[in-house]
Amino acid sequence: MRFLLVEDDSMVGESLRKALRQDGFTIDWVQDGRAAEVALSSETYDLLLLDLGLPSKSGLEVLRSVRQTGNRIPVLILTARDAVSDRITGLDAGADDYLIKPFDFDELEARIRALLRRQAGRVDSVIRLGELTLNTTSREVHFKGQAVTLSGREYALLEAFLDRPGAVLSLAQLEEKIYGWDDEIGSNAVEVYIHGLRKKLGSDFIKNVRGVGYMVPKPQ
Ligand code: CA
């Protein structure tokens with residue numbers, strides 16, 4: 001899962017990026033409204049974490065322009081402004097949820113999980129596909145009743161596949177899901193992680209669609 005974090009406070013931004021990365025999310029971080037718009041128009045994100053008080057363009061303006069383009073990305077507002085009217089304006093402009101700073105990181109994680117569930121149309125934290133289950137809260141993966149240990153990138157890749165079972169994902173789409181701007185992408189890196197997943201989940205689990213990409217088929 002790849003998020004865009006828009007936060008002009010360097011300390012808050014740095015600590016959020018670090019903590020969310022530890023959760024296995026890929027984070028791109030920008031510090032002003034215009035940079036946020038550029039990022040949103042050029043990359044595909046799974047979630048937008050948006051501060052309201054920003055240089056160059058306010059979070060509210062960013063939100064309005066995102067929704068005007070028809071982008072349905074889940075948006076969580078992070079704001080120090082505790083005035084009720086700001087929250088109402090934010091929600092009415094298309095935000096899905098908000099948190100008032102300072103907030104508890106555990107609560108932020110729970111709200112993120114809730115938004116991602118809703119976006120994927122799931123009612124609980126467990127993604128099931130055939131004999132595989134993935135718990136997005138505990139990050140535990142079970143296959144044929146056995147616990148499977150995955151690296152952070154293998155987990156991110158698996159989650160991307162399970163998000164769209166039966167869909168063929170190109171290498172570029174997969175790279176986009178698991179690498180942020182600051183990450184070095186080694187050559188063949190995605191293939192290496194796919195190889196790792198196949199070793200743990202069986203060689204048939206991920207199909208290679210020649211010249212197009214990879215997919216995890218829906219169970220018959
Ligand atoms: Ca701010």
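The structure under discussion appears in the preceding block.
Reading guide: rules and limits
- Residues numbered from 1 in each chain as written.
- Predicted model: local features only at pLDDT ≥ 70, side-chain atom pairs only at ≥ 80, totals over all residues.
- Heavy atoms only, no water.
- Pairing = 2+ DSSP bridges.
- Helix = DSSP H or I, 4+ residues; strand = E, 2+ residues; numbered from the N terminus.
- Axes fitted to C-alpha atoms, helices over the stretch in contact; angles between N-to-C directions.
- Contact = heavy atoms within 4.5 Å.
- Donors = N, O, S within 2.8 Å, 3.2 Å for Na, K, Ca; no water.
- Buried < 20%, exposed > 50% of the residue type's maximum accessible area, 1.4 Å probe, protein only.

K.L.:
Which residues make up the sheet that holds strand E6 (residues 126-129), and what are the values?
P.N.:
With antiparallel pairing, four strands are arranged side by side in an open sheet as E6-E7-E8-E9. Because the sheet does not close on itself, it has two edges, and the strands there are E6 and strand E9 (146-148). Across the sheet, the axes of successive neighbouring strands diverge by a mean angle of 25°, strand direction being ignored. Along the sheet, helix H6 (residues 152-163) contacts E6, strand E7 (132-135) and strand E8 (141-143); its crossing angle with E7, the most-contacted strand, is approximately 115°.

K.L.:
With reference to specific residues and values, describe the coordination of the calcium ion.
P.N.:
Around a metal, the ideal angle is 109.5 degrees if four donors adopt a tetrahedral arrangement and 90 or 180 degrees if six donors adopt an octahedral arrangement. The protein atoms donating to the calcium ion are Asp8 (OD), Asp51 (OD) and Gly53 (O), with metal-donor distances spanning 2.1 to 2.4 Å. Within one chain, the residues serving as donors to the calcium ion are arranged as D-x42-D-x1-G. Here the residue aspartate 8 occupies a position in the loop between strand E1 (2-6) and helix H1 (10-22), and glycine 53 occupies one in the loop between strand E3 (47-51) and helix H3 (59-68), the gap between them amounting to 45 residues. Residue class for glycine 53 comes out partly exposed when judged on its relative accessible area of 32%.

K.L.:
Would you mind going over the sheet that holds E3 in detail, with residue names and values included?
P.N.:
Pairing is parallel across the open sheet formed by five strands, whose spatial order is E2-E1-E3-E4-E5. The sheet is open, and its two edges are formed by strand E2 (26-30) and strand E5 (97-100), each paired on a single side. Put simply, the sheet's adjacent strands are angled 20° from each other on average, direction ignored. Bridge analysis of E1 against E2 gives five bridges, and the strand direction is parallel. Note on E2: the bridge partner recorded for valine 6 is valine 30.

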